[in-house]
Amino acid sequence: MTLYQPFLDYAIATLQSKLDLEPYPIPDGFERKEGVMGKGKRQEPVLTTSHGYKSSKLRQIRAAHVQGGNSLQVLNFVIFPQLNYDLPFFGADLVTLPGGHLIAIDMQPLFSQNESYQAKYSEPIMPMFHAYQQDLPWGGDFPEEAQQYFSPAFLWTRPSETEVVKTKVFAAFRDYLHAYINFVEQAVEIHDPQQLSAIQQAQKSYADYRAEKDPARGMLTRLYGSEWTEEYIHGFLFDLDRKLALAG
Ligand code: DBV
């Protein structure tokens with residue numbers, strides 16, 4: 001059992017029990033990919049698996065799970081709502097590298113500057129955020145241009161102990177997911193053309209940003225080559241552009 005497998009299992013089982021999930025197609029060649037990290041005696045096999053689901057309100061629920069031994073574990077888990085809901089994204093980037101753990105969990109807003117949007121989707125979770133921040137303090141610098149994509153409840157932390165990941169981070173992940181599912185259950189379809197167009201623009205901006213700045217690009221390219229990696233990023237991890245182009 002690897003560090004983030006329980007997170008993935010919990011998320012899928014919980015979403016499955018609360019929402020009516022269907023599979024989301026994973027393009028050929030991306031369900032499972034093996035590679036090798038490091039050189040000589042320090043070579044480690046690395047397995048990357050992909051997981052995809054959808055529901056009536058959620059366009060894509062997807063995970064990339066990288067398992068490469070004690071010093072390389074990643075679970076990147078993102079939920080992209082359908083474009084006719086104003087729901088935030090659920091985003092978790094759980095990363096273990098030789099230097100330690102790097103944890104990002106958030107409900108990433110469509111409209112970070114909008115007060116009523118914040119009141120609807122951030123304020124209700126601030127008490128939970130403050131409670132976790134006691135044990136999971138702010139992790140320091142992160143890219144300034146990314147700030148517009150995060151909410152005030154952004155949990156960003158760099159725990160040094162693996163035990164903290166297994167306990168506190170896991171608890172935060174579960175609670176954020178439950179709060180997100182509550183938002184999903186309450187969300188009502190949007191019909192106003194102006195609002196729909198703003199949502200589509202915000203979703204595109206987020207997906208384009210994530211695809212362009214994917215912090216895993218270097219690691220994935222070293223493991224699996226650039227052709228595979230670019231196709232993985234644009235054809236599965238952040239595929240909104242392609243889907244919109246198909247829809248015409
Ligand atoms: N990050 C992804 C995907 C990953 C992934 C799809 C498949 O978006 C992994 C895997 N994140 C990953 C790895 C690293 C990070 C780091 C491997 C380490 C990179 C390295 O050190 O080599 C939040 N993730 C990070 C960092 C941030 C985030 C801020 C540090 C980056 C840095 O130091 O430059 N997650 C990241 C982010 C958003 C998010 C910016 C949203 C806008 O959700």
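Our structure's up above, just so we're on the same page.
First, a word on scope: everything that follows refers to the structure included in this document. It should be emphasised that the depicted structure is a prediction, and the values quoted were computed from it without experimental measurement.

## What to know about the overall build of the chain
Point 1. Counting secondary structure elements, the chain contains 8 helices and 8 strands.
Point 2. Computed over the C-alpha atoms, the radius of gyration of the chain is 18 Å, within 12% of the 18 Å expected from 2.2 N^0.38 for a compact globule of 248 residues.
Point 3. Taken along the three principal axes of its C-alpha coordinates, the chain extends 60 × 45 × 35 Å.
Point 4. Considering the chain as a whole, with its 248 residues, one finds that 51% of them fall into the buried category.
Point 5. Pairs at least 24 apart in sequence give 63% of the contacts found in the chain among residues at least 6 apart.
Point 6. Per element, the accessible surface of the chain, about 12,200 Å² overall, is 50% carbon and sulfur.
Point 7. Of the side-chain charges in the chain, 22 are positive and 30 negative, and the distance between the mean point of each set is 6 Å.

## Some words on the pattern of salt bridges
Point 1. Per the stated rule, a full pass over the model turns up 9 salt bridges.
Point 2. Note that Lys204 and Asp241 form a salt bridge whose closest N and O atoms lie 2.7 Å from each other. Here Asp241 lies in helix α8 (residues 240–247) and Lys204 lies in helix α5 (residues 193–213), a separation of 37 residues in the sequence.
Point 3. Given the relative accessible area of 28%, Lys204 is considered partly exposed.
Point 4. Assessed through its relative accessible area of 35%, Asp241 is described here as partly exposed.
Point 5. It is possible to trace a salt-bridge network through shared partners that takes in Lys204, Asp208 and Asp241.

## Thoughts on the site of the ligand
Point 1. What surrounds the ligand is a group of 19 residues, the closest being Asn76, Asp93, Arg210, Asp214 and Ala216.
Point 2. In this structure, Asp93 approaches the ligand through a side-chain N or O atom, which is 2.7 Å from a nitrogen atom.
Point 3. Measuring from an oxygen atom of the ligand, one finds a side-chain N or O atom of Asp214 at 3.4 Å.
Point 4. Contact with the protein chains hides 81% of the accessible area of the ligand, taken as 860 Å² for the molecule alone.
Point 5. Taken together, the elements giving at least two residues each to the shell around the ligand come down to β5 (73–81), β6 (89–97), β7 (100–108) and α5.
Point 6. Residues of the shell around the ligand, tallied by class, amount to 14 nonpolar, 2 polar and 3 charged.

## Looking at the nonpolar core
Point 1. Of all hydrophobic cores here, the largest spans 83 residues; its most connected members are Phe77, Leu94 and Ile105.
Point 2. The greatest single-element share of this core, amounting to 13 residues, is contributed by helix α4 (residues 162–186).
Point 3. Not counting residues within four places of it along the chain, the set of residues in contact with Leu94 comprises Tyr4, Phe7, Gln73, Val74, Leu75, Leu102, Ile103, Ala104, Ile105, Val169 and Phe173.

## Digging into the environment of Gln118
Point 1. Within the secondary structure, Gln118 sits in helix α2 (residues 115–121).
Point 2. On the accessibility criterion, Gln118 (29% relative accessible area) is partly exposed.
Point 3. Taking the C-alpha atoms as reference points, Gln118 and Ile61, 57 residues apart in sequence, are found 23 Å from one another.
Point 4. Once residues lying within four places of it in the same chain are set aside, the contact partners of Gln118 are Ser112, Glu123, Pro124 and Pro152.

## Details of the pairing of β6
Point 1. Most of β6 sits out of view: 8 of its 9 residues are buried.
Point 2. Two strands pair when backbone bridges link them, and β5 and β6 are joined in this way by 7 bridges, in the antiparallel orientation. Across the sheet, the residue bridging to Val78 is Gly91, located in β6.
Point 3. Alignment of β6 against β7, held across 9 bridges, turns out to be antiparallel. When the sheet's bridge partners are listed, Leu94 is paired in β7 with Ile103.
Point 4. Here β6 folds back onto β7, and the loop between the two strands holds 2 residues.

## Notes on the packing of aromatic side chains
Point 1. For the structure shown, the criterion picks out 29 aromatic pairs.
Point 2. Taking the centre distance of 5.1 Å and the plane angle of 35° together, the rings of Phe30 and Trp228 count as tilted. With a gap of 198 residues between them, Phe30 in the loop between β1 (22–23) and β2 (32–37) and Trp228 in helix α7 (residues 226–237) connect regions that are remote in the sequence.
Point 3. A relative accessible area of 7% places Phe30 in the buried class.
Point 4. On the basis of relative accessible area, Trp228 is assigned to the buried category, the value being 11%.
Point 5. Taking 5.8 Å as the distance between ring centres and 75° as the angle between the ring planes, the aromatic pair formed by Phe80 and Phe89 counts as edge-to-face.
Point 6. According to the relative accessible area criterion, Phe80 is buried, its value standing at 1%.
Point 7. Each residue in the set Tyr4, Phe7, Tyr10, Phe77, Phe90, Phe170, Phe173 and Tyr180 is aromatic and connected to the rest through ring pairs, giving one cluster.
Point 8. Across the ring face of Phe238, the terminal group of Arg62 is positioned such that the distance to the ring centre comes to 5.0 Å.
Point 9. Against the face of Phe170 rests Arg174, its NZ or CZ located 4.4 Å from the ring centre.

About the thresholds
- Within each chain, residue numbers correspond to sequence positions counted from 1 in written order.
- Local features are withheld for residues below a pLDDT of 70 in this predicted model, meaning they are given only at 70 or higher, and side-chain atom pairs are given and counted only at 80 or more; totals for whole chains, interfaces and linings count all residues.
- The side-chain quantities take in all heavy atoms of the structure and omit both hydrogens and water.
- Runs of E in the DSSP output that reach at least two residues are strands. Runs of H or I that reach at least four are helices, and both are numbered from the N terminus.
- A radius of gyration in this sense is built from C-alpha atoms; the matching globule rule multiplies 2.2 Å by the number of residues raised to 0.38.
- A 1.4 Å probe rolled over the protein chains alone gives each residue an accessible area, and that area as a share of the maximum for its type sets the label: buried under 20%, exposed over 50%, partly exposed in between.
- The contact criterion used is simple: two residues touch if any of their non-hydrogen atoms lie within 4.5 Å.
- Accessible surface is estimated by sampling points in the Shrake-Rupley manner with a 1.4 Å probe; for residues, cover comes only from the protein chains shown.
- Charged residues are defined here as Lys and Arg on the positive side and Asp and Glu on the negative side; His and the ends of the chain fall outside this count.
- All charge positions are set by atom: Lys at NZ, Arg at CZ, Asp at CG, Glu at CD.
- What makes a salt bridge here is a side-chain nitrogen of Lys or Arg within 4 Å of a carboxyl oxygen of Asp or Glu, nothing more.
- For this description, a residue counts as near a given molecule or strand if any of its non-hydrogen atoms is within 4 Å of it.
- Think of a polar contact as two N or O atoms within 3.5 Å of one another; within protein, one of them needs to be a possible hydrogen donor and the other a possible acceptor, and neighboring residues in sequence only count if both atoms come from side chains.
- Asp, Glu, Lys and Arg are counted as charged, while Ala, Val, Leu, Ile, Met, Phe, Trp, Tyr, Cys and Pro are counted as nonpolar; the rest, among them Gly, fall into the polar class.
- Here the nonpolar core consists of buried residues drawn from Ala, Val, Leu, Ile, Met, Phe, Trp, Tyr and Cys, with membership extended through side-chain atoms lying within 4.5 Å.
- Only when DSSP finds a minimum of two bridges between them are two strands counted as paired.
- Geometry of aromatic contacts follows a simple scheme: Phe, Tyr and Trp rings, the Trp one being its six-membered ring, pair when their centres are within 6.5 Å, and the pair is stacked under 30 degrees between planes, edge-to-face over 60, tilted otherwise.
- Should the NZ of a Lys or the CZ of an Arg lie within 6 Å of a ring centre and within 35 degrees of the ring normal, that charge is described as sitting over the ring.

What is shown is where atoms sit, not what they do.
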